[in-house]
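Notes for the structure review
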Amino acid sequence: TRSLLGVFEEDAAAISNYMNQLYQAMRRIYDAQNELSAATHLTSKLLKEYEKQRFPLGGDDEVMSSTLQQFSKVIDELSSCHAVLSTQLADAMMFPISQFKERDLKEILTLKEVFQIASNDHDAAINRYSRLSKKRENDKVKYEVTEDVYTSRKKQHQTMMHYFCALNTLQYKKKIAMLEPLLGYMQAQISFFKMGSENLNEQLEEFLANIGTSVQNVRREMDCEVETMQQTIEDLEVASDPLYLPDPDITKFPVHRNLTRKAGYLNARNKTGLVSSTWDRQFYFTQGGNLMNQARGDVAGGLAMDIDNCSVMAVDCEDRRYCFQITSFDGKKSSILQAESKKDYEEWICTINNISKQIYLSENPEEIAARVNQSALEAVTPSPSFQQRHESLRPNPQPRPHTARTSSSGSLGSESTTLATLSLDSLVAPDTPIQFDIISPVSEDQPGQAKNSGQGGKRTNPFGESGGRSKAETEDSILHQLFIVRFLGSMEVKSDDSPDVVYETMRQILAARAIHNIFRMTESHLLVTCDCLKLIDPQTQVTRLRFPLPSVVLYATHQESKRLFGFVLRTSGGRVESHPTSVCYIFESNNEGEKICDSVGLAKQIALHAELDLEEQSRLIAASSRPNQTSGEGQFVVLSSSQSEDSDLGEDGKKKKESEA
């Protein structure tokens, strides 16, 4: 019996091992079906959201959107079918085999353990019964041992019968546990395919055929485009082969000496000690009268040096070739740069030399640059001394042409096409660059200012010279109010007669900062006086910019955020020669926008009253100096009458001017 029991137990162990493997395989089918259902549903959801995507290079393709919407509906129906299949697999396949594994196989193991314990107890009871003494019989002990044998034998017999019955039944349950899950799996698949055949009708087949034709057409277009690009690449490789050399032959590639704009990579020398230095390779480009540099990954370039009226010369530096030095007009700042080739080296020197003479401000800069080619070539040879070069490059005392420079280090003139997506209306000039940083004064070319300061056509350094009135004259002003502001940007506008100009400029500057991730702002102190507005460096107390108060024609705060305010400055020259231009400046304050605008309004009112008083005094002086042939008493009466009339006229003039203001 025990030998036969061993065979049955071995068979039960084999069944248990095999059924565990089959359960794992079916579990993988069920998990895969659940994952397929979830993935199909996610695919349908993503296809629905395609029309909400905004691809930088993709336009509004309505055909593509509608096609993907149709695919989304079909895939969503398939997802529903997959979900039904997952439910059927859980009920018809996984439940029967799980029940057999968790209930029947565990029952066999439990009965086996109970039978083994009962058998061991029976053996122990028989062993104690066999050791009873025949000489000293004890009825009580004999009774207990006999009772123990009876109980253990009965328990063993009952357990054995249930165990043997379970082992016999396992042979039938094994067949049921294997066939029932497979039957449920096949029925679930048949049901799934029936639902699929109902959903995939002839109309869908026609749709899929059309999409297949469209895909083939797109593939043919792509092949044609790739072939064209390959041919273009081959042509460019042949044409560009001489340019791959770091120093191409100048005879084959002549030097352009009449350039007023240039861009390219240069090595900049940075001193790290008394005798040690490092060279950094950066992208440099000219923008108006500024030399800009831009590191890789930066959104926009930064100001490297102001090259108006600068000095440029070739230098020998650390046994490196093609080095040249740029020195500012006042000699306080210099930079040594290295070009990659002799052609770039000479073109950079000629370009900077042309810009230093402010040729870029003329109407035909290339023609003027062609006339000064000889002087540009001489700049390649090192000057004997900086002083001689400094004196030779000093500008003439004639006033500069009235041309406003609105593009500087923070301006994105080259990216005006990117900002064209914003809604530009009639308030802002088209293709207007935005200045995001304080670089150069805007009031340097205004008539009268150069005469007062004695600078003539000299350009004012925004970080070293104030270029305005004297300190004593400013201190005599009645109004002095100081505010902390941060410069957001400025741009040229077409109108200055409505606060909407300021609102629209605020919107475009804030949108441009958000698009290009420009978060840096320059903090300054705004000083409001009766004759001007000044932006003062909070650390050095140097005047960065000065705005004459009469030129400030409009000012307003943001309609919702009182931190933002701006004003429009009217200047005498703009991008079109001899035409007045208006530039709007936008600032951020510490919730003091209305206070600043009130202060500017108060300053203009004080200035207006001062002007009216000055005109009144001038009229009185003129009236008192008129010749009169009457007597002393008559003369007194005439003068009093004249003064009264002038006073009346002065009051009317005051009221008229105040109403106009």
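Use the structure listed above.
Residues numbered from 1 in each chain as written. Predicted model: local features only at pLDDT ≥ 70, side-chain atom pairs only at ≥ 80, totals over all residues. Heavy atoms only, no water.

**Remarks on the side chain of S582**
The residue S582 is located in strand β14 (residues 581-589) in this model. Of note is the side chain of S582, whose polar atom sits 3.0 Å from the side chain of D496. Ignoring any residue separated from it by four or fewer positions in sequence, one finds S582 in contact with M491, E492, V493, D496, V568, L569 and R570. (Helix = DSSP H or I, 4+ residues; strand = E, 2+ residues; numbered from the N terminus. Polar contact = N/O pair within 3.5 Å; in protein donor to acceptor, adjacent residues only side chain to side chain. Contact = heavy atoms within 4.5 Å.)

**So, the environment of D298**
Along the chain, D298 turns up in the loop between β3 (290-294) and β4 (302-306). On the basis of relative accessible area, D298 is assigned to the partly exposed category, the value being 42%. Residues D298 and H516, spaced 218 residues apart in sequence, show a C-alpha to C-alpha distance of 9.7 Å. (Buried < 20%, exposed > 50% of the residue type's maximum accessible area, 1.4 Å probe, protein only.)

**A few points about the packing of helix α1 (residues 2-48) against helix α3 (residues 139-199)**
Between α1 and α3, whose axes approach to 11 Å, the crossing angle comes to 30°. In terms of axis orientation, α1 runs roughly parallel to α3. Where α1 crosses over α3, the two elements pack in a sense that is left-handed. The residue inventory of the contact of α1 with α3, partitioned by class, reads 18 nonpolar, three polar and four charged. (Axes fitted to C-alpha atoms, helices over the stretch in contact; angles between N-to-C directions. Parallel < 35°, antiparallel > 145°, perpendicular 65-115°, else oblique. Left-handed = near helix turned anticlockwise from the far one by under 90°. Nonpolar A, V, L, I, M, F, W, Y, C, P; charged D, E, K, R; others polar.)

**What to know about the sheet that holds strand β8 (residues 481-493)**
Sheet architecture is open: seven strands sit in the order β11-β10-β9-β8-β14-β13-β12, paired in antiparallel fashion. The sheet is open, and its two edges are formed by β11 (543-548) and β12 (552-557), each paired on a single side. The sheet shows a mean angle of 30° between the axes of neighbouring strands, direction not considered. Note: β8 against strand β9 (residues 522-528), seven bridges, orientation antiparallel. (Pairing = 2+ DSSP bridges.)

**Quick notes on the pattern of salt bridges**
Enumeration over the complete set of coordinates arrives at 20 salt bridges. Residue D31 is joined to R27 by a salt bridge in which the shortest nitrogen-to-oxygen separation is 3.6 Å. Taken as a pair, D31 and R27 lie in helix α1 at a separation of four residues, close to a single helical turn. The partner of E340 in a salt bridge is R281, with the nearest N and O atoms 3.9 Å apart. Highlighted residues: E340 in the loop between β7 (334-338) and α5 (342-356) and R281 in strand β2 (residues 277-287), separated in sequence by 59 residues. Assessed through its relative accessible area of 46%, E340 is described here as partly exposed. Sharing partners across several salt bridges, the network here consists of K262, K343, D344 and E347. (Salt bridge = Lys/Arg side-chain N within 4 Å of Asp/Glu carboxyl O.)

**With respect to the side chain of T286**
Of note, T286 is situated in strand β2. Of the residues examined, T286 reaches a relative accessible area of 8% and is grouped as buried. Look past the residues within four positions of T286 in its chain and what remains in contact with it is T260, R261, K262, L291, I307, W348 and I355.

**Describing a nonpolar patch on the surface**
Judged by side-chain polarity, M222, V226, M229 and I233 come together as a nonpolar surface patch covering roughly 330 Å² of accessible area. Structurally, the position occupied by V226 is in helix α4 (residues 202-240). Classification of V226 as partly exposed rests on a relative accessible area of 36%. (Patch = residues over 30% accessible without salt bridge, like charges linked within 9 Å, V, L, I, M, F, W, Y side chains within 5 Å. Areas by Shrake-Rupley, 256 points an atom, 1.4 Å probe, with all protein chains shown as cover.)

By themselves, these figures tell us nothing about what the structure is for.
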